Amino acid sequence: MYVVKSPLSDADLKTVAEALQGALVDLLDLSLVAKQVHWNVVGPRFRSVHLQLDEVVDTARLHSDTVAERASTLGVPPDGRAATVAVSSGIGPTPEGWVKDTDAVKTLVDALGAVITRMRERVAATGDADPVSQDIFIGITADLEKHHWMFQAENG
């Protein structure tokens, strides 16, 4: 069904649509991983890690909405369904059950690292195709890298 016509060429739209969809999936999964670990973290640094995890959730949710709305703006229907996230995310498996605080931090360092790597690829892929979407990816990457730094510093 035709609803919104993109100003981008078909080739550029394909590149940007794939980047936006991939970013959406990664951000949704990142929010789920961080919330799962948030609920299950234990250890002497429980409170600080618990609160820090919610900051990642908030960032991922905010940016996932921005990415989905950018896709819609370009006439691409975003797909954030659980099944799509499960098969498309670049984040590895999340531990189940209680998670020691040091393991929680490592889980987030790994998850953020995976998303950042893929986000940087999207920055590169969208530069010529759509600088507006590229700018969104740059902002997201900066925010995620800040979280990544802070979690890395947690375990020294």
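Since the model is a prediction, treat every value here as computed from it, not as a measurement.

We now examine the overall build of the chain. Within the chain one finds 5 helices and 2 strands. Reading the chain from its N end, one meets helices and strands in the order α-β-α-α-β-α-α. Rg of the C-alpha trace for the chain: 16 Å, near the compact-globule value of 15 Å for 156 residues, within the 12% margin. Contacts spanning at least 24 positions in sequence make up 84% of the contacts within the chain whose residues lie at least 6 apart. Summed over its atoms, the accessible surface of the chain is roughly 8,200 Å², and 57% of this surface lies on carbon and sulfur atoms. Charged side chains in the chain number 14 positive and 22 negative. The centres of these two groups are separated by 3 Å.

For the coordinates displayed, the defined rule picks out 11 salt bridges. For the salt bridge of R81 with D79, the shortest nitrogen-to-oxygen distance reads 2.8 Å. Looking at R81, the relative accessible area reads 57%, which means it is exposed. Under the relative-accessibility criterion, D79 is labelled buried at 19%. Measuring nitrogen to oxygen at the nearest pair gives 2.8 Å for the salt bridge that ties R120 to E145. Of the two residues, R120 is situated in helix α4 (residues 101-126) and E145 in helix α5 (residues 131-155); the sequence distance between them amounts to 25 residues. Since its relative accessible area comes to 29%, E145 is described here as partly exposed.

Within the secondary structure, L32 sits in helix α1 (residues 10-40). The spacing of L32 and R61 is 29 residues in sequence and 9.5 Å in space, taken between C-alpha atoms.

So, about the environment of T102. With respect to the helices, strands and loops of the structure, T102 is situated in helix α4. According to the relative accessible area criterion, T102 is partly exposed, its value standing at 31%. Measuring from C-alpha to C-alpha, the distance between T102 and P131 comes to 39 Å, with 29 residues separating the pair along the chain.

Right, let's get into the side chain of S64. Examined against the element boundaries, S64 turns out to sit in helix α2 (residues 46-73). Engagement of the side chain of S64 in a polar contact is seen with the backbone oxygen of R61, the distance being 2.9 Å. If we ignore the near neighbours within four places in the chain, the residues touching S64 are L24, L27 and L28.

As a further point, take the nonpolar core. Residues L30, L53, V67, L108, M119, L144 and F151 are the most contacted members of the largest nonpolar core, which totals 42 residues. Elements supplying a minimum of two residues to this core: α1, α2, α4 and α5. What L53 contacts, discounting residues up to four positions off in sequence, is A34, V37, H38, V41, L108 and F151.

Turning next to the environment of L53. Among the structural elements, L53 can be located in helix α2. Accessibility expressed as a relative area gives 0% for L53, which makes it buried. L53 sits 15 residues away from H38 along the chain, and the two C-alpha atoms are 5.7 Å apart.

Parameters and conventions
- Residues numbered from 1 in each chain as written.
- Predicted model: local features only at pLDDT ≥ 70, side-chain atom pairs only at ≥ 80, totals over all residues.
- Heavy atoms only, no water.
- Helix = DSSP H or I, 4+ residues; strand = E, 2+ residues; numbered from the N terminus.
- Rg over C-alpha atoms; globule rule 2.2 N^0.38 Å.
- Contact = heavy atoms within 4.5 Å.
- Areas by Shrake-Rupley, 256 points an atom, 1.4 Å probe, with all protein chains shown as cover.
- Lys, Arg positive; Asp, Glu negative; His and termini not counted.
- Charge placed at Lys NZ, Arg CZ, Asp CG, Glu CD.
- Salt bridge = Lys/Arg side-chain N within 4 Å of Asp/Glu carboxyl O.
- Buried < 20%, exposed > 50% of the residue type's maximum accessible area, 1.4 Å probe, protein only.
- Polar contact = N/O pair within 3.5 Å; in protein donor to acceptor, adjacent residues only side chain to side chain.
- Core = buried A, V, L, I, M, F, W, Y, C linked by side-chain atoms within 4.5 Å.

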